[in-house]
Amino acid sequence: MNYVLTYFPRILVILLISVVWKGSTAIAQSVVTKKIYIAKSGKDSNPGTVDKPYASPSAAIESVAKLKKTGYKGAVEILIREGKYNINKPLLVGAELSGTAAAPFTIKAFDGEPVTWSGAVPLKLSWTKGANGIWQTQVPKGMNFQSLFADEKQLIRARYPNYDPAILPFNGYAADAISSERVKSWKNPVGAYVHALHIGRWGGFHYRVVGKDAEGKLKLEGGEQNNRPSAMHDTYRFVENVFEELDAVNEWYLDEGAGTLYYYPATGVNPNNLQFEAPQLENILTIQGSLSQHVHDVHVAGIRFVYTTPTFMKTAEPLLRSDWTIYRQGAVKIEGAERCEIKGSEFVDLGGNAIFVSNYNRDVKISNNLIESIGAGAINFVGNPDAVRSPSFRYENFVTANEMDTVPGPKSEDYPMNCEASDNLIRKIGTIEKQVAGVQIAMASSIKVLHNTIYEVPRSGINVGDGTWGGHEIAYNDVFYTVLETSDHGAFNSWGRDRFWHPDRQVMDRLVALHPNWVKLDAVKTTILHDNRFQCDHGWDIDLDDGSTNYKIYNNICLSGGLKLREGFYRKVYNNVMINNGFHPHVWFKNSHDVFRNNVVMRAHQDIQVKFWGDTVDNNYYTSNQALLNDQSKGIESNGKVILAKFKDATIGDFRLDVAKLDGFENFDMLHMGVRNPRLKALAEGPQIPKVAETIADAKKDIYMWKGATLKSIESLGEQSAAGLASIAGVLVLKVDEGSATYKNGLRIGDVIIACQDEKVDHLADLQRILKRDEAKDSFSLSVHRNQNKQIIVIK
C-alpha cells in the first residue's frame, strides 16, 4: 500500500518535469532567432552582426547555408538596412536553407526601411554631343541590354512610330512599320524587333530582325508568343531598336557590335549628369526545391524588386490548348516549395514576369504586394504538363477517344495546389507582352485569388488557362480597365480545352452522349467566382470560353460587359447583377447541365448558335419587359420577372436593389471588393461607374433568305467570338433547311461565309451583290469558316 502511494506521485512528478522540459524547449526554440544584417556600409568579410553587417544579400544567404550545416534548428532572419542593392547574380534559396513552421527563414527589410534589389548594372559613361541633338558614349565591351533607365526613369528604345502614352496598343502603331519603303532607309536593321498583335487581337507576337532578303524585305525569327498562330496584324504593329528611327526625346539605341550607345535627351539636358542603369538579370530571387526535396517556410517581406531584363523572345512554352505560351521565369521564381510567402513587397519596372510559381508548390502565399509597370504578367501559378493525363497543346489537337487516359485528376503532384494570391495591387502590366494576366492559373488546383485590385492590363485581369484541376476560389477582387489592347476576352477569362474537349462540336456531342463523365476528368473540383466586381469594355466582364467546365458563379457585379458562357458543362450562375448588359450564351453543347437563374439582367440574352438551353435558364429578373418577351419567345424564361432598375446608390456603384426582397435573389455588398491593406488601398484607383441606362434596345437582325439558308452579317464581338473569327466580318448562317440545295451541298448552321466566287465577303451586302450578279450561273463557290478552319463549299 505504501509502495503504491509513493510510486504514483513520483511518476506524476517525472511526467510533469518531462512535459515542462519539453514545453520549455519548444518555447525556447520558437523564440531563438539568429539575426543576420546587411547594410550598404557593410563588408562581405564582416560577420553579419548589427555592428558589422554584410554588404550583399548573397553573402548573407551563404552565411545561412553555413549556419544550417552546423545543425542549427532555430529561426533565421536576414535584416536588410535601407538602400539600393544591385544584384549581380540571381539569389538562390534552396531546400537546405528551409525553416520550419515555428522557426522560418525570413528575408526582410529592417524595421520598415526602404530596401531595393535591382537586376540592373549602374553604367559609368562619358557622353559626347553629336549632330541633331544626339549624344553618344561607349559601353563596356560585350555588354548588351534590352532596356535602359536614367535617374530611375525608363527610356524609350528608338522606334517607329514614336512613343505616345495616349495611344493603344503599344503606345503607338503603324501599318507601314516594316513596309519596304521604310525598310529601305535602314542601313543595318539586324537586331531590331517587330512587335505586333495577333490577327484576331488574341495577344501579340514579337520577332527579331536577322537581316534583309534579296528584295529588301526583313528576315524575321520568333513569333512563338501565342499558342494560336497567325500572321501579324496588318495595322497594330511597331518596330524598335533601329538607329535611323532615333528621332524623339528620350529615345536610345545601342550598336552592340561597336559598343556605342546613342541617346536623344531633352533640350538642355546633359546626360553626363544622369545616372544610367541597364537591366542584366531576368531573375533576382529564386526559392528552389524539387518534388523529392521541398524548400519550405521561407518568408520574404518589404523588398522592392526593380529592373529585370525583358524576356519576350523566350516566351515560347505552350499551355494546354489555351491561347498562351509562357516563359517560366520572374523577378521572383518559386518552385518545389511549401509554406513560403512573398508579402509586403513591391515589383516595379520589370521587363518580364513579376512572380512565377512553377510546378510543385503547396501553401505558397503572395500577399500585400504592389506590382506595377511590368513587361509581362504579374502573378503566375503554372504546373508541369507532365502531371496532366492525355495532354494536348494546340487548339486543333486532341487525343482520340480510344487512346485517352480516363483516370480523373492529375498523374503526379508536380503542380501548384492550395496556394494564394491575396490583397495585391496589380496595375500597368503587359507593357511589352500582351498575352498576360494579373493572376494566371494553369495546370493547378485550389488556388485562392482574394481581395486583389487589378487594372490597366492589355488582356484579362484574372485568367484560368484550363480546367486542370479546378477547385479555385476567386473572390472579393476589383478588376477593371481590362482588355485594353486586345479583343475577344474578359476581365475574368477562362478556357477549358481539356482532354474531353474536341474542336468539332458534333464530335463533342457524340462523345458526351457516350461518356458523360469525361467532361470532369480534369475539372474534378468546382471553381467558384463570388463577390467580385468586374468591368471590361472590350469584351465580357466574365468570359468562360471554350470548354470551361464545373463553375459556380454568384454575387458578382458586372459593370459593363455582362457574362458569357461558351461551350462547357456544369456551370451554375445565380445572384449576379449585370449593369447595362446581360447574359451571353455562345455555342452550347447538348446536355451541358448549365444553370442560369435568379440574376438581374438589363437586356435580352445574347445567345449565339444555342439549340440546347441546359438544365435551367429561368427565374431571372429583367429591367425591360421587351427583353423578357424576347427571351420567352425562345422557349425559356417562363418564370422570368420584370423589375424597376432602382438601386441603392448607382452613382457610387452601390447596385443593390432598393427592394425589400426578391424571391430567389439576395442583395450583397458591392462596395468593398479589392485590396484591404491600408498602404495599397490609398494607392488604388476604382473603376469608372457607368450611368444606368433606363432602357436598352436589342438590335434587330437584318436577315436574308437564300436557297433554304437564313443569313445575316457578323455584327458584334459576340458573333465574332462564337465563330472564332479574326475580325467582325463575314456572313453568319443562322439556319439551313435540311431539304434545301444549300444543306445538300454541305452548308451548315454556324458557318461563316467569308468569300463567294473567290471575292471577299465582309457584309451581307457583299454576298447579295455577288449572288445577284452571278444569278444565271449553275454554281456558287463559297469559302466558309467552320470550327476555326477554312472550307470550300460549292452550291449547285
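Our structure is the block above this text.
Computed from a prediction, not measured in an experiment: that's the story for all the values here.

Asker: Would you mind showing me how to read the overall build of the protein chain here?
Answerer: Along its length, the protein chain carries nine helices and 66 strands. Whereas a compact globule of 796 residues would reach a radius of gyration of roughly 28 Å, the protein chain reaches 30 Å, a difference of no more than 12%. The principal-axis extents of the C-alpha atoms in the protein chain amount to approximately 105 × 100 × 55 Å. Considering only contacts in the protein chain between residues 6 or more positions apart, those separated by 24 or more positions represent 66%. Accessible surface computed for the protein chain: about 33,000 Å², of which carbon and sulfur atoms make up 50%. The averaged location of the 91 negative side-chain charges in the protein chain is 3 Å from the averaged location of its 89 positive side-chain charges.

Asker: Can you walk me through the sheet that holds strand E15 (residues 204-212) in this structure?
Answerer: What links the strands of a sheet is backbone hydrogen bonding, and the strands pair in either a parallel or an antiparallel sense. On the basis of which strands lie adjacent, the open sheet formed by five strands has the order E13-E17-E14-E15-E16 and antiparallel pairing. Edge positions in the open sheet fall to strand E13 (159-160) and strand E16 (218-222), since each of these has one partner strand only. In terms of strand pairing, strand E14 (residues 193-198) meets E15 through five bridges, oriented antiparallel. Of the residues in E15, the one forming a bridge with Ala-196 is Phe-205.

Asker: For this particular structure, what's the right way to read the sheet that holds strand E9 (residues 135-138)?
Answerer: A sheet is described by the order of its strands in space; here five strands give the open sequence E8-E9-E19-E18-E12, paired in mixed fashion. Where the open sheet ends on each side, the last strands, each with one partner, are strand E8 (128-129) and strand E12 (156-157). When E9 meets strand E19 (residues 260-264), the two strands line up antiparallel, connected through four bridges. Bridge pairing links Gln-136 to Tyr-262 in E19.

Asker: Please explain the pairing of strand E40 (residues 460-464) as it appears in this structure.
Answerer: Within a regular beta strand, the side chains point alternately toward one face of the sheet and then the other, so they alternate between its two faces. The buried fraction of E40 amounts to five of the five residues, a majority that puts the element mostly inside the structure. With four bridges joining them, strand E37 (residues 437-442) and E40 adopt parallel strand pairing. The partner of Val-439 across the bridge, within E40, is Ile-462. As judged from the three bridges shared by E40 and strand E43 (residues 490-494), these two strands associate in the parallel manner. Bridging across to E43, Ile-462 finds its partner in Phe-492.

Asker: Looking at this structure, I do not really get the nonpolar core. What am I missing?
Answerer: One finds Trp-117 and Phe-347 to be the most contacted residues of the largest nonpolar core, which totals 94 residues. Among the elements that take part in this core, helix H2 (residues 57-69) stands out by supplying six residues, more than any other. With sequence-adjacent residues up to four places away left out, Phe-347 is seen in contact with Phe-305, Ala-331, Val-332, Ile-342, Ala-354, Ile-355, Asn-369, Leu-370, Ile-371, Glu-372 and Ile-374. Within the second largest apolar cluster, 19 residues are counted, among which are Ala-709, Leu-747, Ile-753 and Ile-770.

Asker: It is not clear to me how the side chain of Arg-159 should be interpreted in this structure. Could you clarify?
Answerer: Structurally, the position occupied by Arg-159 is in strand E13. One buried charged residue, Arg-159, forms no salt bridge at all, with the nearest opposite charge on Glu-251 at 5.7 Å. One polar contact links the side chain of Arg-159 to the main-chain carbonyl oxygen of Phe-170, over a distance of 3.1 Å. Within the structure, Arg-159 has its side chain in polar contact with the backbone oxygen of Asn-171 (distance 3.4 Å).

Asker: Would you take a moment to explain unusual backbone geometry for this structure?
Answerer: Here Tyr-160 and Pro-161 are connected by a cis peptide whose omega angle stands at -5 degrees. Assignment of secondary structure puts Pro-161 in the loop between E13 and helix H3 (180-183). Residues Thr-468 and Trp-469 are joined by a peptide bond in cis, for which omega reads -5 degrees. Following the sequence through the fold, Trp-469 ends up in the loop between E40 and strand E41 (473-475). A positive phi angle, near 65 degrees, is found at Glu-152, a position not held by glycine. Take Glu-152: it is sitting in the loop between strand E10 (149-150) and strand E11 (153-154). Classification of Glu-152 by relative accessible area gives exposed; the value is 52%. The phi dihedral of Ser-373 is positive, around 55 degrees, even though this residue is not glycine.

Asker: What is the right way to read the environment of Pro-189 from this model?
Answerer: Positionally, Pro-189 belongs in the loop between H3 and E14. Taking the C-alpha atoms as reference, Pro-189 lies 7.8 Å from Phe-243; in sequence the two are 54 residues apart. Discounting chain neighbours no more than four positions away, the residues touching Pro-189 are Val-209, Lys-212 and Leu-218.

Asker: Even after reading the chapter, I still don't get the pattern of salt bridges, so can you show me in this structure?
Answerer: Two side chains with opposite charge may pair up if their charged atoms get near one another. Applying the stated rule across the entire model yields 43 salt bridges. For Arg-427, the salt bridge identified is with Glu-372, shortest N-O distance 2.8 Å. Residue Arg-427 is found in strand E36 (residues 425-429), and its partner Glu-372 is found in strand E32 (residues 370-374); the two are separated by 55 residues along the sequence. This pair shows no difference in class: Arg-427 is buried, exactly as Glu-372 is. The shortest N-O distance in the salt bridge between Asp-774 and Arg-773 comes to 2.9 Å. A single salt-bridge network, built from bridges that share partners, covers Arg-228, Asp-323, Arg-497, Arg-505, Asp-546, Arg-566 and Glu-567.

Reading the values: the criteria
- Position numbers for residues start from 1 in each chain and track the written sequence from start to end.
- Residues qualify for local features only when their pLDDT is at least 70, as the model is predicted, and side-chain atom pairs are given and counted only at 80 or more; totals for whole chains, interfaces and linings, by contrast, use all residues.
- Water and hydrogen atoms were dropped before computing side-chain values, which therefore reflect all heavy atoms in the structure.
- Per the convention used, a helix needs a DSSP run of H or I reaching at least four residues, while a strand needs a run of E reaching at least two, with both numbered from the N terminus.
- Here the globule rule reads 2.2 Å times residues to the power 0.38, and the radius of gyration is calculated from C-alpha atoms.
- Between two residues, a contact is recorded if the distance between any of their heavy atoms is within 4.5 Å.
- Under the convention used here, a 1.4 Å probe and the Shrake-Rupley method define accessible areas, while residue burial counts only the protein chains that appear.
- Lys and Arg are tallied as positive, Asp and Glu as negative. Neither His nor the chain termini are counted.
- Taken as the charge location is NZ of Lys, CZ of Arg, CG of Asp or CD of Glu.
- A pair of strands is considered paired only if DSSP assigns at least 2 bridges between the two.
- Buried residues are those whose accessible area, probed at 1.4 Å on protein chains only, stays under 20% of the maximum for their type, while exposed residues exceed 50% and partly exposed ones sit between those limits.
- Buried residues of nine kinds, namely Ala, Val, Leu, Ile, Met, Phe, Trp, Tyr and Cys, make up a nonpolar core once their side-chain atoms join them within 4.5 Å.
- Each reported salt bridge corresponds to a side-chain nitrogen of Lys or Arg within 4 Å of a carboxyl oxygen of Asp or Glu.
- Polar contacts, as counted here, are pairs of nitrogen or oxygen atoms within 3.5 Å of one another; within protein the pair requires one atom able to donate a hydrogen and one able to accept it, and residues that are adjacent in sequence qualify only if both atoms are side-chain atoms.

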